[in-house]
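As a plain string of letters, each chain reads:
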Amino acid sequence: MANKRYSCIGLYNPKSPENVGSVMRAAGCYNVASVFYTGKRYERARDFVTDTKKVHQDIPLIGIDDLKKIIPLGCIPVAVEMVEGARSLPEYTHPDRAIYIFGPEDGSLGKDVLEWCEDVIYIPTNGCMNLAATVNVVLYDRLAKGNNTRSGPKF
């Protein structure tokens, strides 16, 4: 049987090519299937400055208007945001199939995005981390928990 575990990333209006390049590098490290982004800021300066492994050649990086419209079949949208009511990442059980939604480094996800995300998680820190660090921590947590997903060790 094929592996049912699947993850992709949605970036809401990322600030810079450095942010996106670093996210792409993380995506390559943790077997992310695809990365989607919205907004115009990245488009103006797209050059993969920090994608030193050229992951963009293997993992699709797709610009879209609305992240909600591209949720892959069976994926649970998981917002990563420090807001009241969010679940702590160490206590979170990842869905087998997830799209992780991250806000811009210099802002937050809006209520309109949080409303359609089924889960909202946060990383307990003394302050906010940059976008790439946040993506790495969430994806590492998913990897480290291994088969500890909602469906358990057997699919």
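Everything discussed here concerns the structure shown above.
Because the structure is a prediction, the values reported are computed rather than measured.

Q: Break down the overall build of the chain for me, citing the residues and quoting the values.
A: When helices and strands are tallied, the chain shows four helices and seven strands. Put simply, the chain runs from its N terminus to its C terminus through helices and strands in the order β-α-β-α-β-β-β-β-α-β-α. In the chain, which comprises 155 residues, the proportion classed as buried is 46%. Here the analysis covers contacts within the chain between residues at least 6 apart in sequence; of these, 82% occur between residues at least 24 apart.

Q: Can you tell me about the layout of surface pockets, naming the residues and giving the values?
A: Considered as a void within the structure, the largest pocket measures approximately 320 Å³ in volume. Residue lining of the largest pocket: 18 residues in total, with Val80, Glu81, Cys128, Met129 and Thr134 positioned closest to the centre. Residue classes in the lining of the largest pocket are distributed as nine nonpolar, seven polar and two charged. The computed volume of the second largest pocket comes to approximately 190 Å³. As for the second largest pocket, its lining consists of Arg5, Tyr6, Ser7, Tyr30, Asn31, Leu139, Arg142, Leu143 and Gly146.

Q: An account of the environment of Asn19 is needed here, citing residue identities and associated values.
A: Note that Asn19 resides in helix α1 (residues 17-29). Residue classification places Asn19 among the buried residues on the basis of a relative accessible area of 9%. In the structure, Asn19 is positioned 111 residues away from Asn130 in sequence and 8.4 Å away in space, judged by C-alpha atoms. Not counting residues up to four positions away in its chain, the partners in contact with Asn19 are Glu105 and Leu131.

Q: Lay out the nonpolar core with the relevant residues and their values.
A: Inside soluble globular proteins, nonpolar side chains tend to come together where they are buried. In terms of nonpolar packing, the biggest core is built from 26 residues, with Ile9, Leu11, Val35, Phe102, Val135 and Val138 touching the most fellow members. Listed by contribution, the elements that provide at least two residues to this core are β1 (6-11), α1, β2 (35-37), β4 (76-80), β6 (97-102) and α4 (131-144). A per-element tally of this core places α1 first, with five residues. Residues contacting Ile9, with those up to four places away along its chain left out, are Val23, Val32, Ser34, Val35, Phe36, Ile99, Tyr100, Phe102, Val135 and Leu139. The next biggest cluster of nonpolar side chains, apart from the first, holds 15 residues, and it includes Ala86, Ile101, Leu109 and Val120.

Definitions and limits used
Numbers given to residues run from 1 along each chain, matching the order in which its sequence is written. The model is predicted, so local features are restricted to residues of pLDDT at least 70 and side-chain atom pairs to those at 80 or more, both for listing and for counting; the totals for chains, interfaces and linings are taken over all residues. To get the side-chain values, all heavy atoms of the structure are used, and hydrogens and water are removed first. Runs of H or I in DSSP of at least four residues are treated as helices and runs of E of at least two as strands, each being numbered from the N terminus. When accessible area is computed with a 1.4 Å probe and restricted to protein chains, residues below 20% of their type maximum are described as buried, those above 50% as exposed, and intermediate ones as partly exposed. Residues count as neighbours in contact if any of their non-hydrogen atoms are within 4.5 Å of one another. Throughout, the protein atoms alone are placed on a 1 Å grid, and a set of points is a cavity if a 1.4 Å probe fits but cannot get out or a pocket if it is open with protein on both sides within 12 Å along at least five of seven lines; lining residues have an atom within 4 Å of a point. Grid points are joined across faces, edges and corners, and a volume is the space filled by probe spheres set on the points. Polar here means any residue other than Ala, Val, Leu, Ile, Met, Phe, Trp, Tyr, Cys and Pro, which are nonpolar, and Asp, Glu, Lys and Arg, which are charged; Gly is therefore polar. Take the buried residues of types Ala, Val, Leu, Ile, Met, Phe, Trp, Tyr and Cys, join any two whose side-chain atoms come within 4.5 Å, and each joined set is a nonpolar core.

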